[in-house]
Amino acid sequence: MSGLCGKAFEGRITSPPAAADASFAGKRLVMHVRTCSADTIRIPFHVADDRSRTWVITRTTTGYRLKHDHRHQDGSEDKVTQYGGDSVTPVSVARQEFPADRFTKDLLIREGNTAGANNVWAVEVQPGRTFAYELRRPGRFFRVEFDLTKPVAAPPPPWGASGS
């Protein structure tokens, strides 16, 4: 992933159409591998002009952690943010799966999204070809794939970002 740092890529939804994904339909989807350190990669996910979402992948002692950082236009945190989980797949494989952790389950249930307590996210990288982000749970499947062969111009930083 660190080889992608600073680059942006356009994506498309590859899962079957779902009512829950209507806000993504027909919009330009861009991931920007914005910042990389030895232990953390921050990837803003832009849906048209909506720059409120950032995927944060962190190395842990046993694998990886995926968190979703959601922000308002002024940079303040959304009430549903910092959710995700730790990987359950060996670090050597190209597809990492992240079941919802306890924090996430408690947050989503408190906010009325009881189905989301069963979320399993996945990140899949085929070096030089594709990057995929996925969400699964009973009755829900969302997948977006980004073409790593065709970098695009990097979008502006997410709202409230300090440029890092």
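This section reports on the structure supplied with the text. (Residues numbered from 1 in each chain as written. Predicted model: local features only at pLDDT ≥ 70, side-chain atom pairs only at ≥ 80, totals over all residues. Heavy atoms only, no water.)

**Focus on unusual backbone geometry**
- Although it is not a glycine, Ala48 sits at a positive phi angle of roughly 55°.
- If you trace the backbone, Ala48 turns up in the loop between strand E4 (40-47) and strand E5 (50-59).
- In this structure, Gln82 takes a positive phi of about 65° despite not being glycine.
- By the secondary structure assignment, Gln82 is in the loop between strand E6 (64-70) and strand E7 (83-86). (Helix = DSSP H or I, 4+ residues; strand = E, 2+ residues; numbered from the N terminus.)

**Thoughts on the packing of aromatic side chains**
- All chains considered together, the criterion is met by ten aromatic pairs.
- Summarising the aromatic geometry, the rings of Phe24 and Phe142 are spaced 5.1 Å apart at their centres and angled 40° between planes, so their arrangement reads as tilted. Taken as a pair, Phe24 in the loop between strand E1 (8-13) and strand E2 (29-32) and Phe142 in strand E11 (residues 140-152) lie far apart in primary sequence, 118 residues in all.
- By relative accessible area, which is 4% here, Phe142 ends up buried.
- Seen in terms of ring centroids, Tyr83 and Trp121 are 5.7 Å apart; in terms of plane orientation they differ by 35°. Their pairing is tilted. Of this pair, Tyr83 sits in strand E7 while Trp121 sits in strand E9 (residues 120-126); the two residues are 38 residues apart in sequence, bridging distant segments of the chain.
- Cluster of aromatic residues (ring-pair linked, three or more members): Phe24, Phe45, Trp55, Phe131, Tyr133, Phe142 and Phe146.
- Across the ring face of Phe141, the terminal group of Arg136 is positioned such that the distance to the ring centre comes to 3.9 Å. (Phe/Tyr/Trp six-rings, centres within 6.5 Å; stacked < 30°, edge-to-face > 60°. Buried < 20%, exposed > 50% of the residue type's maximum accessible area, 1.4 Å probe, protein only. Lys NZ or Arg CZ within 6 Å of the ring centre and 35° of its normal.)

**Quick word on the state of the cysteines**
- Under the definition given, this model contains one disulfide.
- The disulfide bridge from Cys5 ends at Cys36, spanning 2.3 Å between sulfur atoms. What sets the handedness of the Cys5 and Cys36 disulfide is the S-S torsion sign, and at about 115° it is right-handed. Of this pair, Cys5 sits in the segment before E1 while Cys36 sits in strand E3 (residues 35-36), placing them 31 residues apart in sequence.
- Here Cys5 falls in the partly exposed class, since its relative accessible area comes to 30%. (Disulfide = S-S within 2.5 Å.)

**A short note on the nonpolar core**
- One finds Trp55 and Phe131 to be the most contacted residues of the largest nonpolar core, which totals 27 residues.
- Discounting chain neighbours no more than four positions away, the residues touching Trp55 are Met31, Ile41, Arg42, Ile43, Phe45, Leu66, Lys67, His68, Phe131, Tyr133 and Phe146. (Core = buried A, V, L, I, M, F, W, Y, C linked by side-chain atoms within 4.5 Å. Contact = heavy atoms within 4.5 Å.)

**Considering the pattern of salt bridges**
- By the definition in use, this model includes 19 salt bridges.
- A salt bridge links Arg53 to Asp50, with the nearest nitrogen and oxygen atoms 3.2 Å apart.
- Judged by relative accessible area, which is 17%, Arg53 ranks as buried.
- The partly exposed category is assigned to Asp50, whose relative accessible area is 25%.
- Note that Arg95 and Glu97 form a salt bridge whose closest N and O atoms lie 3.0 Å from each other.
- Under the relative-accessibility criterion, Glu97 is labelled partly exposed at 26%. (Salt bridge = Lys/Arg side-chain N within 4 Å of Asp/Glu carboxyl O.)

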